[in-house]
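# Analysis of the macromolecular model
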Amino acid sequence: MTRTEKLLAELIALPSVNPAFLPPRHPQAGEKSVADFLASTAARAGMTVEFQKVLPGRSNVIVRLQPRNQVRRTILLAPHLDTVVADSTQFIPQRKNGRLYGRGACDTKGSVAAMLGALCELAGAKTRPLETEIIFAGLIDEEHAQAGSRALAAGGFRADLAIVGEPTRLQVVTAHKGCLWLRLATHGHAAHGATPHLGKNAVHEMARIVNALETDYAAQLKRRKHKLLGAGTVNVGTICGGVQPNIVPESCNISIDRRTLPGETESGVRRELQALLRAEKLSAKVESAKLAPALPLETDPRHPLVRQFLRSAKQARPVGVDYFCDASVLSAAGIPSVVFGPGDIAQAHTADEWISLKELERAKDLLVGFLNSLS
Ligand SMILES: [Zn+2]
């Protein structure tokens, strides 16, 4: 068993389900045991460790590997520590046919193990970059509201490049879509079900809006394409309206998920929706259904450190992914950010989440290789 594999198995055995998905004070909830374990692992390897308090009982863990000379650049390795819910068997790591199974194996404890593993290897090596400070930040709450990366960014943290850990199949990702949740509400006029002509049916109005979104608006989005990401999308996810069959419904609500491209903003999308409704002679109130929107990511692939990372990963071109992550939060704070990690997003959040052990080891080696290529 390699050190990286051992580290990952230990991480899987420590539940760190995002508390947003569990009842209060659930024993599997929170990142604390994982953060403490990483802190003691890093301290044993001779690195300095601190915690950044973010929410009650929930802290980012920050590990620093200082260079011998004066710091000329800082590289941040930033995977998240939380996972989605799991059944209890998923906290028992299982090795089978070159794979390691368990909750978080690919999303994103695999990246945690590869990134901290790379740092431990460099800390113990005879030579390492002389002027590059390497910081590992294990972030909380990515799966819910990205409180960990938001706190890190708000605290004034600076780096020359952030490599955010997510399962990208070892591809360097420079762009991802953003995500907006919006609520649309129609208002009608209640009346007796026997005399519907005396009322105004809010459900009927909404039915026409749903149709317009899923056909005309979806087609409009398909025509606007990003080089790495393709088109933005819209999905009507929930609908709720009316009280009982014999009352003309007074109100109806839907919530929509809109995946955005770089350059698209929440206010822009709301304007676009209002224009669509006006053009089809429909009307609804449009409001935000999420505390903070997840922004899209677009990092210039010609940035020197991004180019160097691409070269050392032997990748000709950067790629884009559909899902969002902490990278856009760090990028919005002025830190050039890419996404990189072992495993495939297709296995994330599944009942039999797994990671290829070969890929896990390769991720650690690629990170060591890239960091060693810096002065
Ligand atoms: Zn993730």
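The structure reproduced in this document is the subject of the present report. Since this is a predicted model, take the numbers as computed values, not measurements.

## Thoughts on the overall build of the chain
When its secondary structure is counted, the chain shows nine helices and 18 strands. Here the chain holds 375 residues, and 52% of them are scored as buried. For the chain, restricting intrachain contacts to residue pairs at least 6 apart in sequence, the fraction spanning at least 24 positions comes to 79%. Total accessible area on the chain is roughly 17100 Å²; 53% of this is exposed by carbon and sulfur atoms. For the chain, the separation between the mean place of its 46 positive charges and that of its 36 negative charges on side chains is 4 Å.

## A few points about the coordination of the zinc ion
The coordination sphere of the zinc ion, as far as protein atoms go, consists of His80 (NE2), Asp107 (OD), Glu166 (OE) and Glu166 (OE), spread over 1.9 to 2.8 Å. Seen from the zinc ion, its four donor atoms lie at angles of 51 to 143°, and the figure they make is irregular. For glutamate 166, a relative accessible area of 3% corresponds to the buried category.

## Focus on the sheet that holds strand β4 (residues 94–96)
Read across the sheet, three strands follow the order β4-β5-β18 without closing on themselves; strand pairing throughout is antiparallel. Sheet topology places β4 and β18 (354–356) at the edges, where each strand pairs with a single neighbour. Each adjacent strand pair in this sheet contributes to an overall mean axis angle of 25°, direction not counted. Pairing geometry for β4 and strand β5 (residues 99–101), over three bridges, is antiparallel. What sits directly across from glutamine 94, in β5, is tyrosine 101. With respect to the sheet, helix α1 (residues 3–12) is in contact with β4, β5 and β18, its orientation differing from that of β5 by roughly 15°. The sheet contacts of helix α9 (residues 357–372) involve β4, β5 and β18, and relative to β18 the element is tilted by about 65°.

## Points about the pattern of salt bridges
In this structure the tally under the stated criterion is 23 salt bridges. Residue glutamate 205 is joined to arginine 208 by a salt bridge in which the shortest nitrogen-to-oxygen separation is 3.9 Å. With a gap of three residues between them, glutamate 205 and arginine 208 both fall in helix α5 (residues 202–222), about one helical turn apart. Judged by relative accessible area, which is 14%, glutamate 205 ranks as buried. Through salt bridges with shared partners, a single ionic network connects Glu121, Glu361, Lys364 and Asp365.

Calculation notes
- Residues numbered from 1 in each chain as written.
- Predicted model: local features only at pLDDT ≥ 70, side-chain atom pairs only at ≥ 80, totals over all residues.
- Heavy atoms only, no water.
- Helix = DSSP H or I, 4+ residues; strand = E, 2+ residues; numbered from the N terminus.
- Buried < 20%, exposed > 50% of the residue type's maximum accessible area, 1.4 Å probe, protein only.
- Contact = heavy atoms within 4.5 Å.
- Areas by Shrake-Rupley, 256 points an atom, 1.4 Å probe, with all protein chains shown as cover.
- Lys, Arg positive; Asp, Glu negative; His and termini not counted.
- Charge placed at Lys NZ, Arg CZ, Asp CG, Glu CD.
- Donors = N, O, S within 2.8 Å, 3.2 Å for Na, K, Ca; no water.
- Tetrahedral: all angles 85-135°; square planar, octahedral: opposite > 155°, others 65-115°.
- Pairing = 2+ DSSP bridges.
- Axes fitted to C-alpha atoms, helices over the stretch in contact; angles between N-to-C directions.
- Salt bridge = Lys/Arg side-chain N within 4 Å of Asp/Glu carboxyl O.

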